[in-house]
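Summary of the model geometry
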Amino acid sequence: MLNLFKNPLLTTLALFCLLDVISSNATADDLNKGFVELTEGRPAGAVKLWLPLAEGGDRIAQASLALLYQTGQGVPQDYKKANELLSASAMQGYPFAFTGLGNSFHDGLGVKKDMKIAMVWFLLAMDYDPSAKAMANMIGAELPKSALRDVQRKVNECQSSSYQDCGYDLIK
């Protein structure tokens, strides 16, 4: 049985996604049912519920499904697919997709490991996700000031483009 609370990334996603789900009536039932499936150790059931929503462009379902692809729960582990889903969600401004992309670049999950790019994504998410804030603080302490200026410039470009120009080409 999957213990959601042993994986801080999934725990954070689940808690914050549930807050966001409340505002979306049409998909809330299937999103909530998917979170129940996941917490009760049935990730394949969550995949079945979230896949149509993700394909339909639901940003929460995309980010949630992406984490299942990252961890290989209910689906074969596929970092490329996870990053594609996270990118689609991030383009809609979903902060927890930013965190997922930050983790991908921090750990080299399907992309070249790059602390500066990870830092960009964590900074975009840090106002909404305490784990992203902690990661941004940790990486920021290690990067030189010149790199931090470059990172901040990229964050500003991404935000000013409504999350459309954020370096998604590095993910493909």
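On to the packing of aromatic side chains, then. Between two aromatic rings, the relevant description is the distance of the centres plus the angle of the planes. Under the definition given, this model contains five aromatic pairs. Between Phe98 and Tyr163, the ring centres sit 5.1 Å apart and the planes meet at 40°, which makes this aromatic pair tilted. Here Phe98, found in helix H6 (residues 95-107), pairs with Tyr163, found in the segment after helix H9 (145-160); they are 65 residues apart in sequence, far enough to count as distant. A relative accessible area of 23% means that Tyr163 is categorised as partly exposed. Summarising the aromatic geometry, the rings of Trp121 and Tyr168 are spaced 5.7 Å apart at their centres and angled 45° between planes, so their arrangement reads as tilted.

A rise of 1.5 Å per residue sets the reference length of helix H3 (residues 43-55), with its 13 residues, at 18 Å; its end C-alpha atoms lie 18 Å apart and thus fit the reference within 8%. A maximum bend of about 30° is found in H3 at Leu49, where proline Pro52 lies one to four positions downstream. Count one or two residues on from H3 and you reach Gly57, which has phi positive near 100°.

For Ser162, which is not glycine, the phi dihedral falls at a positive 55°. The topology assignment puts Ser162 in the segment after H9. For Tyr163, which is not glycine, the phi dihedral falls at a positive 70°.

Moving on, we get to the environment of Leu101. Take Leu101: it is sitting in helix H6. Classification of Leu101 by relative accessible area gives buried; the value is 0%. For the pair formed by Leu101 and Leu86, sequence separation is 15 residues and the distance between their alpha carbons is 6.5 Å. For Leu101, the contacting residues outside a window of four places in its chain are Asn83, Leu86, Ser87, Ala90, Trp121 and Ile171.

Scanning all chains against the criterion turns up seven salt bridges. In this structure, the salt-bridge partner of Arg153 is Glu157, at a minimum N-O distance of 2.6 Å. In this pair, Arg153 and Glu157 are both assigned in helix H9, four residues apart and thus about one turn of the helix distant. Of the residues examined, Glu157 reaches a relative accessible area of 34% and is grouped as partly exposed. Overlapping salt bridges, with partners in common, bring together Lys116, Asp150, Arg153, Lys154 and Glu157 in one network.

Cut-off values and rules
- Residues numbered from 1 in each chain as written.
- Predicted model: local features only at pLDDT ≥ 70, side-chain atom pairs only at ≥ 80, totals over all residues.
- Heavy atoms only, no water.
- Phe/Tyr/Trp six-rings, centres within 6.5 Å; stacked < 30°, edge-to-face > 60°.
- Helix = DSSP H or I, 4+ residues; strand = E, 2+ residues; numbered from the N terminus.
- Buried < 20%, exposed > 50% of the residue type's maximum accessible area, 1.4 Å probe, protein only.
- Expected span 1.5 Å × (residues − 1).
- Bend = angle between axes of the 7 residues up to and from the residue.
- Contact = heavy atoms within 4.5 Å.
- Salt bridge = Lys/Arg side-chain N within 4 Å of Asp/Glu carboxyl O.

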